[in-house]
Amino acid sequence: MASILLENVCLTFSVRQRMRLTLKEFVVRSMFRQSRNPRVEVRALQNVNLRINEGERVGIIGHNGAGKSTLLKLLAGVYPPTSGRRIVQGQISSLFDISLGFEPEATGWENIAFRAYLQGETPRSLREKVQPIADFSELGDFLNLPVRYYSAGMHVRLAFSIATAVDPEILLVDEVLSVGDLAFQEKARARMQQMMARAKLIVLVSHDLASLGSLCDRVVWLDHGTVRLDGSTQEVIEAYRQHVREPGRAAA
Amino acid sequence: MHATTAITDYVAAVWRCRYFWFSLVKNDLRTRYHRSLLGLGWSLLNPLAMTAVLCTVFHRLWGLPISEYGPFVLSGLAFWGFISTCTLQGCRCFYQAETYIRQYPAPLVIYPLRTALGAGFHLVIALCVVLAATWWFQGLGNLGALWSLLPTLLVLFVLGWSLAILAGVANVMFPDMQHLLEVGLQILFYATPILYKAEMLRERGQGWLVDLNPMAVFLDCLRHPLLEGRPPSLALLGHACLWGLLAATASGICLARWQRRLVFLL
């Protein structure tokens, strides 16, 4: 039974004001003098309570810097919460920053294997998937070349093909609906819809309110790291649109 | 009980992604050897050239027999290559894996493992050359003692992996750590009996430098079976195990403390 539960989750980034602290600065300034490079705390998420059950398709909306991607990474287990509880049941497949994380000197074929293994595939299970991944990417003979020769679009094609070749229980998606050129975008959209139909639980971050309207049955509106509204897609999107249209609204 | 379960779960998670880290290690080795015309020989060229120079110089200056000094210094350089690679490449291991770390919550320990396995492979190749050199100069007298290399290499691998973890975490916390470690390793290189025999220090009343140096213990464990044809004493092997355990404990504590925070510092 796939489910996600967040109880009073807070996530605070502690960063240096100017740059990272060297050991020399740590010894000299932090111990003997007042630091000129103090820590600054950024509260990315504050007291977030969420329960998402199997079968739900949840969209996350909010202004830039509202904490949407951070929330997704926290759900994926990449960011541990500073306080509160995160309980996730089910195997997670995440689609964010997908064009990153290639071994530049390895070929496309080899990178398919690396990424697929990281997603939990084994050599046996990968054997059946590797050709469909290659076919979907439409990279042909380029797969025999090291990926450092690939263009940005080719990176994204390959990454998307690998990332969407799994059967996820929980699918976390961050703005990957517009990958590649126009023809590939159509294919990608169809693939996403197939994947979403198979997944037991979906959390989708997007600024494309029209897409969220057709894909999700529930939407969570994040505002400066807190849940401002959580409800049906129509209700929350309408409230968000009204908020955005408000004259004299402070810039996000 | 809770700690035991946590450790078991962690080890199981490392095992689950074995195909991932193992394929990365294979890729690292393939990339390294494909680039050079000499293939495997390229990584051995540096210690072999260094050994040739040192043998020539010390043979001419002090009349040291090449048949004895050659395998001796080559074994020292092979060992040191492993330690310095684990430490200095370990500094970069989490940065190298940053994009993976930001996407998948895999156990962080697999990235220093990648470094240590690559370095371990080179060590084994280099030791094969030492073995060949010893057989060439001194005959097959060490065959009966070679089994003892297995426990030594195992403990040495634990040490290398631990060093990679510690260096990796330290370098994420303090970006100047790699430069400081380079200086520290340079000092440790000359304080370890790699180019000279430990007896030379003892004769000059500097034996404490060897006695307090864990690297000297591991080096003795390697050299006894390879060069002298006898396994290391149980006391020496136990001493090495103790250092290995200490390094593993330190790296385990370090990782347990920083594992959750490391992703925010990258």
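The sections below set out a description of the structure shown in this document.

Here we look at the packing of aromatic side chains
Then step 1. Applying the stated criterion across every chain, the model contains twelve aromatic pairs over all chains.
Then step 2. Ring centres of Phe13(A) and Tyr79(A) lie 5.5 Å apart, and the angle between their planes is 80°; this geometry places the pair in the edge-to-face category. In this pair, Phe13(A) sits in strand S1 (residues 3–16) while Tyr79(A) sits in the loop between helix H2 (68–76) and strand S4 (83–89), placing the two residues 66 residues apart along the sequence.
Then step 3. An aromatic cluster is defined as three or more aromatic residues linked by ring pairs; in this entry it consists of Phe13(A), Tyr79(A) and Phe264(B).
Then step 4. Above the plane of the ring of Phe72(B) lies Arg223(B), whose end atom (NZ or CZ) is 3.6 Å from the centre.

Notes on the interface of chain A and chain B
Then step 1. In this complex, chain A contributes 34 residues to the contact, which on the side of chain B involves 30 residues.
Then step 2. Across the interface of chain A and chain B, roughly 2800 Å² is buried in total on both sides, 61% from carbon and sulfur atoms.
Then step 3. Measuring nitrogen to oxygen at the nearest pair gives 3.1 Å for the salt bridge that ties Glu103(A) to Arg114(B).
Then step 4. Inspection of the chain A/chain B interface yields five residue pairs in polar contact (both at pLDDT 80 or more).
Then step 5. At the level of secondary structure, the elements contributing two or more residues to the side of chain A that touches chain B comprise S1, helix H1 (23–32), H2 and helix H3 (108–118) of chain A.
Then step 6. Broken down by element, the residue count for the side of chain A that touches chain B peaks at five residues, all from H3(A).
Then step 7. A breakdown of the residues in the side of chain A that touches chain B according to their chemical character gives 19 nonpolar, six polar and nine charged.

Comments concerning the sheet that holds strand S6 (residues 170–174) of chain A
All names here are of chain A.
Then step 1. Pairing is mixed across the open sheet formed by six strands, whose spatial order is S5-S6-S7-S3-S8-S9. Every other strand in the sheet has two partners, leaving strand S5 (92–95) and strand S9 (226–232) as the edge strands with one partner each. Between one strand axis and the next, the sheet turns by 15° as a mean value, whatever way the strands run.
Then step 2. As paired elements, strand S3 (residues 57–61) and strand S7 (residues 201–205) share four bridges and run parallel to each other. Opposite isoleucine 60, over in S7, you have valine 205 as the bridge partner.
Then step 3. In the packing of H2 onto the sheet, contacts are made with S3, S5, S6, S7 and strand S8 (218–223), and the angle to S6 comes to roughly 155°.

Brief notes about unusual backbone geometry
Peptide bonds are trans in most cases, and residues, glycine excluded, mostly fall at negative phi.
Then step 1. At Glu138(A), a position not held by glycine, the phi torsion is positive, near 60°.
Then step 2. Residue position: Glu138(A) is located in the loop between helix H4 (123–137) and helix H5 (152–163).

Structural notes on the pattern of salt bridges
Then step 1. Applying the stated criterion to the full structure yields 16 salt bridges over all chains.
Then step 2. The partner of Arg30(B) in a salt bridge is Glu110(A), and the shortest N-O contact between them spans 3.0 Å. One end of the pair, Arg30(B), is in helix H2 (residues 18–34); the other, Glu110(A), is in helix H3, on a second chain.
Then step 3. Residue class for Glu110(A) comes out partly exposed when judged on its relative accessible area of 22%.
Then step 4. Arg202(B) is the partner of Asp211(B) in a salt bridge, and the nearest nitrogen-oxygen pair spans 2.7 Å.

Comments concerning the nonpolar core
Then step 1. By size, the foremost hydrophobic cluster in this structure holds 102 residues, and its most contacted members are Leu71(A), Leu158(A), Val203(A), Phe20(B), Phe94(B) and Tyr111(B).
Then step 2. Counting contributing residues, this core receives three or more from each of domain 1 (1–32 + 40–90 + 201–252) and domain 2 (93–199) of chain A.
Then step 3. Ignoring any residue separated from it by four or fewer positions in sequence, one finds Tyr111(B) in contact with Phe20(B), Cys93(B), Phe94(B), Ala97(B), Tyr100(B), Ile101(B) and Ala106(B).
Then step 4. One finds Val73(B), Leu77(B), Ala116(B) and Leu236(B) within the second-largest nonpolar core, a separate group that totals 44 residues.

Criteria and cut-off values
In this numbering scheme, every chain counts its residues from 1 along its sequence in written order. A letter from A marks each chain and a number from 1 marks each ligand, given out in the order of writing. Reporting of local features is limited, given that this is a predicted model, to residues whose pLDDT is at least 70; pairs of side-chain atoms are given and counted only at 80 or more, and all residues count toward the totals for whole chains, interfaces and linings. Each side-chain value is derived from all of the structure's non-hydrogen atoms; neither hydrogens nor water enter the calculation. By convention, a stacked pair of Phe, Tyr or Trp rings (six-membered ring in the case of Trp) has centres within 6.5 Å and planes under 30 degrees apart, an edge-to-face pair has planes over 60 apart, and any other such pair is tilted. Numbering of helices and strands starts at the N terminus; helices are DSSP runs of H or I of at least 4 residues and strands are runs of E of at least 2. Here, a charge over a ring means that NZ of Lys or CZ of Arg falls within 6 Å of the ring centre while also lying within 35 degrees of the ring normal. Any two residues whose heavy atoms approach within 4.5 Å at even a single point are treated as in contact. Summed over both partners, buried area is the accessible surface (1.4 Å probe) that two parts give up on being assembled. Salt bridges are counted wherever a side-chain nitrogen of Lys or Arg sits within 4 Å of a carboxyl oxygen of Asp or Glu. Whenever two N or O atoms come within 3.5 Å, that pair is a polar contact, provided that in protein one can donate a hydrogen and the other can accept it, and provided that, for residues adjacent in sequence, both atoms are side-chain atoms. Asp, Glu, Lys and Arg are counted as charged, while Ala, Val, Leu, Ile, Met, Phe, Trp, Tyr, Cys and Pro are counted as nonpolar; the rest, among them Gly, fall into the polar class. Note on pairing: DSSP must find at least two bridges between two strands before they are called paired. Between the N-to-C directions of two axes lies an angle of 0 to 180 degrees, each axis being a line fitted to C-alpha atoms and, for a helix, fitted only over the stretch in contact. Each residue is assigned to one of three classes by its accessible area relative to the maximum for its type, calculated with a 1.4 Å probe on protein chains only: buried under 20%, partly exposed between the two thresholds, exposed over 50%. Think of a nonpolar core as a cluster: buried Ala, Val, Leu, Ile, Met, Phe, Trp, Tyr and Cys residues, connected wherever their side-chain atoms sit within 4.5 Å. An automatic or database domain assignment supplies the residue ranges for each domain.

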